[in-house]
Amino acid sequence: MDIQVVEDVSLNLEAIPQHIAVIMDGNGRWAKKRNQPRVFGHKQGVLALKRTLIACKDLGIKYLSVYAFSTENWSRPEKEVGFLMTLFKSMLKKEVNDLDSNGVKIKFCGDLQGLDKGLRDQIDKAEEKTKNNSVLQLNVMLNYGARNEILRACQSVVHDVQSGQIADISKIDDDLFSSYLDTAGCPEPELLIRTSNESRISNYLLWQLSYSELFFIDCLWPDFDKKQLISVLKDYQKRNRRFGGLHA
Ligand code: FPP
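Residues numbered from 1 in each chain as written. Predicted model: local features only at pLDDT ≥ 70, side-chain atom pairs only at ≥ 80, totals over all residues. Heavy atoms only, no water.

**Quick notes on the layout of surface pockets**
Then, in step 1: In this structure, the largest pocket occupies an estimated 640 Å³ of space.
Then, in step 2: Looking at the largest pocket, it is lined by 29 residues, and the ones nearest its centre are Met 24, Asn 27, Tyr 67, Ala 68 and Asn 73.
Then, in step 3: Elements with a minimum of two residues in the lining of the largest pocket: helix 1 (27–33), helix 2 (38–59), strand 4 (63–70), helix 3 (78–101) and strand 5 (104–109).
Then, in step 4: Estimated volume of the second largest pocket: approximately 220 Å³.
Then, in step 5: Around the second largest pocket, the lining is made up of 14 residues, and of these Lys 50, Leu 53, Ile 54, Asp 98 and Leu 99 lie nearest the centre.
Then, in step 6: Within the residue set of the lining of the second largest pocket, elements represented by two or more residues are helix 2, helix 3 and strand 6 (136–144).
Then, in step 7: No other element matches helix 2, which puts six residues into the lining of the second largest pocket.
Then, in step 8: A per-class count over the lining of the second largest pocket returns nine nonpolar, one polar and four charged. (1 Å grid on protein atoms, 1.4 Å probe; cavity = no way out; pocket = protein on both sides within 12 Å on 5 of 7 lines; lining within 4 Å. Points joined across faces, edges and corners; volume = space filled by probe spheres on them. Helix = DSSP H or I, 4+ residues; strand = E, 2+ residues; numbered from the N terminus. Nonpolar A, V, L, I, M, F, W, Y, C, P; charged D, E, K, R; others polar.)

So, in C-alpha cells, the structure goes:
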C-alpha cells in the first residue's frame, strides 16, 4: 500500500478523493486581525489558492472547485467588488501560462454573462488555452449561486424539451440533469472544506454536494496550506460514507 508519512501521521494515497470543493472564507477577518484593509486579505487569499492547487496536484486530486464570488457578493461595498474583479482579471492574465504548463485545465462556473466584458474575455482565453489539459481541473465559481445554476439548468432542459431534443421527459434523471449544470463532466465532490469556522453551505453546489462529507475548519483562508489539507484528508479517510445505505 502506498503510504505517505506526514509528520507523525500517515495518509493513504490510495484513498485520495477525486474532487474537493472549497469555500475560501475569512480573508477579511485575517486582514482585520493584522490591522490591514480587507483587500490585503484577498491578496493573501490568492497565495493560499496557489498553495492549495500545488498541494492538490502533488496528492493526485483531479478536480478542485473554489467559490470565488457569489451572486450575493455584489452587495459588498463597491470598492471591494471592484478590487476583487480586477484581482480575478489580473490573476488570470498573470497565471494562465503557469497553470497551462502545469497541466491545469481552468473552468469558470456561474452566471458569466453578468461579468464585465474585459473579465469575460480573459476567462474565454484562459479556458481555451487550457482546455486540453488533464492533470487537474480548477473550477472557479464566479458570480455563482447554486440556485441560479439549478434554475439556468432547468431553463435549458425546458428549452430542449420544447425543441424536441429531449423527446421523453421520463428520461430526465440525475445524470441527464447533471449534464446541464455548470460542473457537467466533473464527478461530484467527495468533500467540501469551508474555512473560518462558519458552518454553512451558502448557496454553493447544492445539487453536487448532496452526499459530500462536510468539513468546517477553524482556519482563515489565507492561512490554509498543505498541512491543513492533509489533516482534513486524514479525517475524511476515517469517515464511513453510506450514501443512504447501512454501516459497512
Ligand atoms: C472570502 O473572504 C473570500 C472571498 C469573498 C473570495 C475571494 C477569494 C480570493 C481573493 C481568493 C483567490 C481566488 C481567486 C479565484 C483568485 P471574506 O471576504 O468573506 O472574509 P470574511 O468572511 O472574513 O469577511
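**What to know about unusual backbone geometry**
The phi torsion of most residues other than glycine is negative, and most of the peptide bonds are trans.
Then, in step 1: Of note in this structure, Ser 196 is not a glycine but carries a positive phi near 80°.
Then, in step 2: Tracing the backbone shows Ser 196 in the loop between strand 7 (191–194) and strand 8 (213–216).
Then, in step 3: The exposure class of Ser 196 is buried, given its relative accessible area of 6%.
Then, in step 4: One non-glycine residue, Asn 197, lies in positive phi territory at about 65°.
Then, in step 5: Relative to the helices and strands, Asn 197 is located in the loop between strand 7 and strand 8. (Buried < 20%, exposed > 50% of the residue type's maximum accessible area, 1.4 Å probe, protein only.)

**Some points on the pattern of salt bridges**
Then, in step 1: The full count for this structure, using the stated rule, is 15 salt bridges.
Then, in step 2: As a salt-bridge pair, Arg 76 and Glu 80 come within 2.9 Å of each other at their nearest N and O atoms.
Then, in step 3: For Glu 80, a relative accessible area of 7% puts it in the buried group.
Then, in step 4: When the shortest N-O distance is used, the salt bridge between Arg 152 and Asp 182 registers 2.7 Å. With a gap of 30 residues between them, Arg 152 in helix 5 (residues 146–162) and Asp 182 in the loop between helix 6 (174–178) and strand 7 connect regions that are remote in the sequence.
Then, in step 5: Ionic contacts of the salt-bridge type, sharing partners, join the residues Asp 25, Arg 29, Arg 194, Glu 198 and Arg 200 into one network. (Salt bridge = Lys/Arg side-chain N within 4 Å of Asp/Glu carboxyl O.)

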